[in-house]
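Architecture and fold: a report
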Amino acid sequence: MEHIMKASPIFLRGEKNNNNVQAGFSKSIVINKEQATNMQIHVTACSFYRLYVNGTIVAHGPARAGYKYLRVDTVDISKYVNAGENIIAFEVTSHGDPFGSYSNEIVCKPGLLAAAIVANGELIEQTDSSWRGIRLYHRVQRAERISHCRQNAEIYYLDDKYYKWRTDPTECCHIVECFPWEYSLIPRGMAMPTLEYDDHKYLTDYGSAYIDRTKNVELPWFEAAHSLHYSQLEERPGKEFLQTVEKEIAPDDTFYIENDGTVKALIHEEGYLNFDFIDNRMGFIGIEFECDQAGTVDIVHLESYGYMDDKSHLSLQPNPVTRLHVMKGKTSFVTMEPALFRYIK
């Protein structure tokens, strides 16, 4: 722990006590050939971090610890760096304490990031006041809760700036503030997410759809305790999923599958695709697609799938939807929240 104890916990100035803040922090480092062969990053965060090295996702953490403790991850980045300039970037979700100090996944404490970069056993960079950040307003700050014991679901308004800072530190202009250590640090003590790519799936069905907002949806029992939060929501993707009515392909809509498995759809209003990943999966959901105009994509992860649009076995406990508002063109996205699923719609 000696290296990370020399780092300063940092966060965006004025933001550490705010709820559901998405932030980015990046730094350019220059290393020689010898250093590039043996490099590690020791890192912790509150609530969660994602590490990018030269634009590649390398790690996600930390594991949960008890009150007043933080677990430290040690990540070998040797195969992701080269002699010369390298960009180290962290995306941090700070959930804060939006739901009255009750959660099964976080300790409901202020946001922070602390990291130490080590080459051949020597500390070469650490978080301090020289670092800069960016507030990622792309993620909607107030959203439906994932479940009674998890935090805000993910809703994004994506554009190029959401990605650019990961490889261009000049995009990070927000001054950070440093804090004294208030936590006891302990090793991770468990396996890291492998982040292995798994695309073993098949398309089960597809068609047109529409949202029937007059359809009654039974709301989660825990909403009553957070009525002010829910009254201020501008979007309800989870509720709208349960109000979605699937139907046969509309006369003006077209779906076809190319030889490489790419699905192409010409959809005038709403449509859906449902994929079966054969077995239950636990992980982060990634998606790549291209649109010829701006639109909205809801990623719905399910453990079971009702036949012929039967949603009678589903509820908003938990909420299975991640919503992306996207621009015209290509989009590549990976969720920050992990999910258990077999089907993705």
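All of the points below concern the structure found in this document. (Residues numbered from 1 in each chain as written. Predicted model: local features only at pLDDT ≥ 70, side-chain atom pairs only at ≥ 80, totals over all residues. Heavy atoms only, no water.)

Here the focus is the pairing of strand E8 (residues 112-119). In terms of burial, E8 is largely enclosed, as eight of its eight residues are buried. As judged from the eight bridges shared by strand E3 (residues 39-46) and E8, these two strands associate in the antiparallel manner. Residue Cys46 lies in a different strand from E8, and its bridge partner there is Leu112. If you look at the hairpin formed by E8 and strand E9 (residues 122-126), you'll find two residues sitting between the two strands, and Asn120 has a positive phi there, around 50 degrees. (Buried < 20%, exposed > 50% of the residue type's maximum accessible area, 1.4 Å probe, protein only. Helix = DSSP H or I, 4+ residues; strand = E, 2+ residues; numbered from the N terminus. Pairing = 2+ DSSP bridges.)

The next thing to look at is unusual backbone geometry. Omega for the peptide link from Cys46 to Ser47 comes to 10 degrees, which places this bond in the cis form. Residue position: Ser47 is located in the loop between E3 and strand E4 (48-53). Positive phi, normally seen in glycine, also occurs at Asn20, with a value near 55 degrees. Checked against the element boundaries, Asn20 lands in the loop between strand E1 (10-12) and strand E2 (21-31). On the accessibility criterion, Asn20 (2% relative accessible area) is buried.

The next subject is the sheet that holds strand E20 (residues 295-302). Spatially, seven strands are ordered E11-E21-E20-E23-E18-E14-E15 in an open sheet, and the strand pairing comes out mixed. Since the sheet does not close on itself, it has two edges, and those belong to strand E11 (155-157) and strand E15 (244-247), each with one partner. Each adjacent strand pair in this sheet contributes to an overall mean axis angle of 40 degrees, direction not counted. The pairing of strand E14 (residues 202-211) with E15 spans four bridges and is antiparallel. Looking across to E15, one finds that Ala209 is bridged to Glu246. (Axes fitted to C-alpha atoms, helices over the stretch in contact; angles between N-to-C directions.)

Right, let's talk about the nonpolar core for a bit. Formed by 31 residues in total, the largest nonpolar core has its most connected members in Phe25, Ile41, Tyr49, Leu51, Ile77, Ile88 and Phe90. Every element with two or more residues in this core is listed here: E1, E2, E3, E4, strand E5 (56-61), strand E7 (84-94) and E8. Ranked by residues supplied to this core, first place goes to E2 with five residues. Excluding residues that lie within four positions of it along the chain, Tyr49 makes contacts with Val43, Ala59, His60, Gly61, Pro62, Asp73, Val75, Phe90, Glu91, Val92 and Met192. In terms of nonpolar packing, the next biggest core, distinct from the first, is built from 22 residues, Leu324, Met336, Phe341 and Ile344 among them. (Core = buried A, V, L, I, M, F, W, Y, C linked by side-chain atoms within 4.5 Å. Contact = heavy atoms within 4.5 Å.)

A separate point is the environment of Arg132. The topology assignment puts Arg132 in strand E10 (residues 132-135). Counting along the chain gives 95 residues from Arg132 to Ser227, while the straight-line C-alpha distance between them is 36 Å. Setting aside chain neighbours within four positions, we find Arg132 in contact with Gly24, Phe25, Ser26, Cys172, Cys173, His174, Ile175 and Val176. In this structure the side chain of Arg132 is engaged in a polar contact, spanning 2.9 Å, whose partner is the backbone oxygen of Ser129. (Polar contact = N/O pair within 3.5 Å; in protein donor to acceptor, adjacent residues only side chain to side chain.)

The final tally for this structure, using the stated rule, is 10 aromatic pairs. Both rings, one in Phe90 and one in Trp131, keep their centres 6.3 Å apart while their planes meet at 40 degrees; by these two values the pair is tilted. Of this pair, Phe90 sits in strand E7 while Trp131 sits in the loop between E9 and E10, and the two are 41 residues apart along the sequence. Judged on exposure class, the residue Phe90 and its partner Trp131 are both buried. Ring centres of Phe277 and Phe341 lie 5.5 Å apart, and the angle between their planes is 90 degrees; on these two criteria the pair is classed as edge-to-face. Of this pair, Phe277 sits in strand E18 (residues 270-283) while Phe341 sits in strand E23 (residues 339-344), and the two are 64 residues apart along the sequence. With respect to class, Phe277 is no different from Phe341; both count as buried. Grouping aromatic residues by their ring pairs yields a cluster made of Tyr156, Tyr162, Tyr163 and Phe333. (Phe/Tyr/Trp six-rings, centres within 6.5 Å; stacked < 30°, edge-to-face > 60°.)

Another aspect to go through is the pattern of salt bridges. In the structure shown here, the tally under the stated rule is 18 salt bridges. In this structure, Asp276 engages Arg342 in a salt bridge whose closest nitrogen and oxygen atoms are separated by 2.8 Å. Pair noted here: Asp276 is in strand E18 and Arg342 is in strand E23, with a separation of 66 residues, a long-range link. By relative accessible area, Asp276 is classed as buried at 2%. Using a relative accessible area of 27% as the deciding quantity, one classes Arg342 as partly exposed. A cluster of three or more residues bridged by salt bridges with shared partners is formed by Arg213, Glu235, Glu240, Asp298 and Arg323. (Salt bridge = Lys/Arg side-chain N within 4 Å of Asp/Glu carboxyl O.)

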